[in-house]
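# Structural overview
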Amino acid sequence: MARTHATASTDIDTNKAIVRRFVDEIMAAGRTEAIDELVAAEFTSSTFGITEDGPKQLAAATERVHASLKDVQFTIHELVAEGGRVAVRLTGTGTPIGD
């Protein structure tokens, strides 16, 4: 039993680390090359309205955000995980570029 619990705990920690990297590398830093490593092919997002071709659409949305904002920062306030799901509560800031 302890081995199963340790594996489940490790999986949750791994999943949280992936979400943290997603926020830090993709959302905050705009590193679209990290999408292939961190995002599943079947990715969808209600935030960005992505329902098809998720990774490609996420890259386009990330590029739009970073083309219109500088000093993009995200602060993670809470990561909650259970099983294979992770929820994140965060705030984001950025300074508009141009008009």
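Structure first, text after, so check above.
Below, the structure is looked at part by part. The shown structure was predicted, so the numbers you read here are calculated from the model rather than taken from an experiment.

## Describing the side chain of Thr-62
By secondary structure assignment, the location of Thr-62 is in helix α3 (residues 54–68). Given the relative accessible area of 5%, Thr-62 is considered buried. At a separation of 2.8 Å, a polar atom in the side chain of Thr-62 contacts the main-chain carbonyl oxygen of Leu-58. Each residue touching Thr-62, except ones within four places of it in the same chain, is listed here: Ile-26, Gly-30 and Thr-32.

## Some details on the packing of aromatic side chains
All chains considered together, the criterion is met by 1 aromatic pair. Between the aromatic rings of Phe-22 and Phe-43, the centroid separation amounts to 6.3 Å while the plane-to-plane angle is 40°, which identifies the pairing as tilted. In this pair, Phe-22 is assigned in helix α1 (residues 2–28) and Phe-43 in the loop between α2 (35–38) and α3, connecting sequence segments 21 residues apart. Each member of the pair, Phe-22 as well as Phe-43, carries the same accessibility label: buried.

Rules behind the numbers
Residues numbered from 1 in each chain as written. Predicted model: local features only at pLDDT ≥ 70, side-chain atom pairs only at ≥ 80, totals over all residues. Heavy atoms only, no water. Helix = DSSP H or I, 4+ residues; strand = E, 2+ residues; numbered from the N terminus. Buried < 20%, exposed > 50% of the residue type's maximum accessible area, 1.4 Å probe, protein only. Polar contact = N/O pair within 3.5 Å; in protein donor to acceptor, adjacent residues only side chain to side chain. Contact = heavy atoms within 4.5 Å. Phe/Tyr/Trp six-rings, centres within 6.5 Å; stacked < 30°, edge-to-face > 60°.

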